[in-house]
Amino acid sequence: KGGRPGARLPPGWTMFLPLVAAAFAAPHLPALSDDELRRLHEGEVVLRAEADGARVTATGIVLVHATPEATWPAVLDIRARIPETHTLRAVTEYRRDGATRWFVRVDMEVMGVDLKVHNLYTWDPGRNLATYTLDPEQSNDLLVCDGWYLTREDPAGTLLVYESVTEAKVYVPAWVRRWHE
């Protein structure tokens, strides 16, 4: 129904629809290799990163020796990250729409450039998921600044997954990004 009269998907196309839907599915625990699982249980943080021009996707996975309920207060305390993250300068909450939706301004310095972003955070405790995206009502120094945090129970505690996608307004060559790391 809908579309042009007589319009149909090409034969065999319907089998690809679930794959397309899966590509846009909610955040999930990525598949982990045996080596990554070993490293997590040895206390390491598993990091993955990929870049496509100015867009960078970073994923971090860590095993926390606590329940998801005990883990979330630390995850959601963005201001507490200032001392441990050398690029952060200030974190200011500028609006709150209840216990699960708030707006935060983040001031940071990256490679000598001052950046300011305004993020909308949303927490869904029932799904053990928090997401963030740029606040479109504010000016931002990044084109994209989206991400999520997800917790999943593990026999040893909680697996915490973080994914961030950022895109600068100006392309930064790979050799400069590597130099900064």
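Everything discussed here concerns the structure shown above.
> Summarise unusual backbone geometry; cite the residues concerned and give the values.
A positive phi angle, close to 55 degrees, is found at Asn-128, a residue other than glycine. With respect to the helices and strands, the residue Asn-128 is situated in the loop between strand E5 (113–124) and strand E6 (129–134).

> Outline the sheet that holds strand E7 (residues 142–154), listing residues and values.
Spatial strand order, E1-E2-E8-E7-E6-E5-E4-E3: eight strands in an open sheet with antiparallel pairing. Strands with a single pairing partner mark the edges of an open sheet, and in this sheet they are strand E1 (46–52) and strand E3 (88–96). Looking at each pair of strands side by side, their axes are set apart by 15 degrees on average, direction ignored. Pairing between strand E4 (residues 101–110) and E5: ten bridges, direction antiparallel. Directly across from Trp-102, in E5, lies its bridge partner Tyr-121. On the sheet, helix H3 (residues 68–76) packs against strand E2 (55–64), E4, E5, E6, E7 and strand E8 (157–168) and is oriented at approximately 160 degrees with respect to E7.

> Kindly report on the pattern of salt bridges, identifying the contributing residues and their values.
A complete count under the given rule lists twelve salt bridges for this structure. For Arg-55, the salt bridge identified is with Glu-167, shortest N-O distance 2.8 Å. Remark: Glu-167 occurs in strand E8 and Arg-55 occurs in strand E2; sequence separation between them is 112 residues. A salt bridge links Arg-96 to Glu-93, with the nearest nitrogen and oxygen atoms 2.9 Å apart. On the accessibility criterion, Arg-96 (43% relative accessible area) is partly exposed.

Rules behind the numbers
Each chain carries its own residue numbering, running from 1 in the written order of its sequence. Per-residue local features are limited, in this predicted model, to residues with pLDDT of at least 70; the limit for side-chain atom pairs, both in listing and counting, is 80 or more; totals at the level of whole chains, interfaces and linings are taken over all residues. Side-chain metrics in this entry use all non-hydrogen atoms of the structure; hydrogen atoms and water are not considered. The way it works is that DSSP assigns letters per residue, a run of H or I at least four long becomes a helix, a run of E at least two long becomes a strand, and they are numbered from the N terminus. For two strands to pair, DSSP has to find at least two bridges joining them. A fitted line through C-alpha atoms represents every axis, and for helices the fit uses only the stretch in contact; the resulting angles, taken between N-to-C directions, go from 0 to 180 degrees. In this analysis, two residues are considered to be in contact whenever any of their non-hydrogen atoms come within 4.5 Å of each other. Criterion for a salt bridge: a side-chain nitrogen of Lys or Arg within 4 Å of a carboxyl oxygen of Asp or Glu. Burial here depends on accessible area, computed with a 1.4 Å probe over protein chains only, as a share of the maximum for the residue type. Under 20% is buried, over 50% is exposed, and the range in between is partly exposed.

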